[in-house]
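# Results of the structural survey
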Amino acid sequence: MDFRQLEAFSRVVETGSFSRAAEALGVSQPTVSAHVTALERELGLTLIARTTREAGLTEAGRLLFEYAGQMLALRRQAGETLHRFATDLSGTVVIAASTIPGRYFVPRLLTAFRKRHPDVKFDLRMTDSAGAVRQVTDREAEIGFCGTLPGGKYVAREFANDQLVLVAPNLPKYRVWREEGVSLRRAAREPFVVREEGSGTRRETELFLRAMGVDPTGVNIAAQASSNEEVERLVEEGAGVAILSKSAAEEREKLLTLELPGIRIRRKLYLLRRKNSVLSPSAQVLYSFAEGFYLHSPELTP
């Protein structure tokens, strides 16, 4: 049984005529007859006793008519509910974000989105890039934001970028460097504070060092930290210099941003969703909004 057959059968019963049922449904009378005949053939029962003047129900037809009404009503209710769900944006969207996008880019984006859709709420889960990807691919979060792209079943789109800079503690030596400039060679001899091996920030640091003409394996690593906040605090206390997001560096008064001649590297930040997934209406609208909030770019798939 399919809904077209049940609807044709029900309309014949309600109108008492195949021709009137066809008119009500906006189809031809042979189409209505074909649907009812196919339904009877599938069930192996005669549902409507046809005469030249009217179409009357058999006992089997009376039984089916009751169930058909319930099924068609439930279909209408489901359609109406889903329509409201799709058009009246509400509920909670779970978002996984790594440190840099989560701290400096996503809050502004979500605030702007809420001005348009005030009934949508967010569950923002801070993690690292690998964690954001894992939560999206494991369906723990509908949308993710991260700075690096490990493997996985996801679609990624660049949604923003941030400049990487060399930062130092706010000490006399480094204040002179900021005023007078510093050579790449001299900066490379400084002790460095870095993130742990395998982190996205660590990979970006090594990219920055190579742009300076420095082999990352030859750098004097004074300290290694498991979060960007720890790196920032260590630099503030004078443990060494570090390569950080410009957005993060500008937020810390005790950090100095140092300009290096000829070095300008921008870090890409990515918007994620699970590959071949169907997002909830609120998440889909948020995803589309985030795509164009900072910049436009082509899709990237691993």
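Positions within a chain are numbered from 1, following the residues in the order the chain's sequence is written. Given that this is a predicted model, residues contribute local features only at a pLDDT of at least 70 and side-chain atom pairs are listed and counted only at 80 or more, while totals for whole chains, interfaces and linings are drawn from all residues. Heavy atoms throughout the structure, all of them, feed into the side-chain values; hydrogens and water do not.

We now examine the overall build of the protein chain. Looking only at helices and strands, the protein chain has 13 helices and 12 strands in total. Dimensions along the principal axes, computed over C-alpha positions, put the protein chain at roughly 105 × 35 × 30 Å. Accessibility here uses a 1.4 Å probe with only protein chains present; expressed as a share of the type maximum, an area under 20% marks a residue as buried, one over 50% as exposed, and anything in between as partly exposed. Counting the 302 residues in the protein chain, one finds 44% classified as buried. In the protein chain, once contacts between residues fewer than 6 apart in sequence are set aside, the share between residues at least 24 apart is 75%. Residue exposure ignores everything except the shown protein chains as possible cover, and the areas themselves are Shrake-Rupley values with a 1.4 Å probe. Here the protein chain displays about 16,000 Å² of accessible surface, and carbon together with sulfur accounts for 49% of that area. Positive residues here are Lys and Arg, negative ones are Asp and Glu, while His and the chain termini are left out of the count. By convention, the charge on Lys lies at NZ, on Arg at CZ, on Asp at CG and on Glu at CD. Both charge centroids of the protein chain, one from 42 positive and one from 38 negative side chains, sit 2 Å from each other. By the criteria applied, helices consist of DSSP H or I runs no shorter than four residues and strands consist of E runs no shorter than two, each listed in order from the N terminus. Contacts are assigned to residue pairs with any non-hydrogen atoms lying within 4.5 Å of each other.

Right, let's talk about the side chain of E232 for a bit. Mapping E232 onto the fold places it in helix α11 (residues 228-236). Apart from the residues within four sequence positions on either side, E232 is in contact with R103, Y104, L244, A248, R252 and L255.

This paragraph deals with the nonpolar core. Among the buried residues, those of types Ala, Val, Leu, Ile, Met, Phe, Trp, Tyr and Cys that are joined through side-chain atoms within 4.5 Å form a nonpolar core. Core analysis: the biggest nonpolar cluster contains 26 residues, and L109, I143, F145, F159 and L286 have the highest contact counts within it. Going through the elements one at a time, β3 (91-97), α5 (99-104), α6 (106-116), β5 (143-146), β6 (154-169), β11 (265-274) and α13 (281-293) are the ones with two or more residues in this core. Per-element accounting of this core gives the leading share, five residues, to α13. Membership of the second largest hydrophobic core comes to 22 residues, among which are F192, F208, V219 and L260.

Turning our attention to a nonpolar patch on the surface. Patch rule: a residue counts if its relative accessible area is over 30% and it has no salt bridge; like charges are joined within 9 Å, and nonpolar side chains (Val, Leu, Ile, Met, Phe, Trp, Tyr) within 5 Å. Within this document, salt bridges are pairs made up of a side-chain nitrogen of Lys or Arg and a carboxyl oxygen of Asp or Glu, the two lying within 4 Å of each other. There is a patch of nonpolar side chains on the surface, built from M1, F3, L43, L45, Y67 and M71 and spanning about 560 Å² of accessible area. Among the structural elements, L43 can be located in helix α3 (residues 29-43). On the accessibility criterion, L43 (33% relative accessible area) is partly exposed.

To continue, consider α6. Inspection of α6 places V106, L109, L110 and F113 among the buried residues, and these make up the whole buried set. On an axial view of α6, the arc spanned by its buried residues comes to 95°, and they lie on one face. Structural note: α6 exposes R108 and K115 on the side pointing more than 90 degrees away from its buried face. Along its buried surface, α6 packs onto β3, α5, β4 (120-126), β5, β6 and α13. It is the directions from the helix axis to the C-beta atoms whose arc is reported.

Here A242 is to be found in strand β9 (residues 242-245). Through-space distance from the C-alpha of A242 to that of E232 is 8.1 Å; in sequence the pair is 10 residues apart. Excluding its chain neighbours within four sequence positions, the residues that come into contact with A242 are V165, L166, V167, F192, V193, V231 and V235.

Averaged over every residue, the pLDDT of the protein chain is 87; the share at 70 or more is 94%. In predicted models, pLDDT denotes the confidence assigned by the predictor to each residue on a 0 to 100 scale. When pLDDT is averaged over each helix and strand of the protein chain, the minimum, 47, is found for strand β12 (residues 299-300) and the maximum, 95, for β4. Here residues 297-302 is modelled with pLDDT under 50, and outside its nearest four sequence neighbours on either side it reaches 15 contacts, counting other chains as well.

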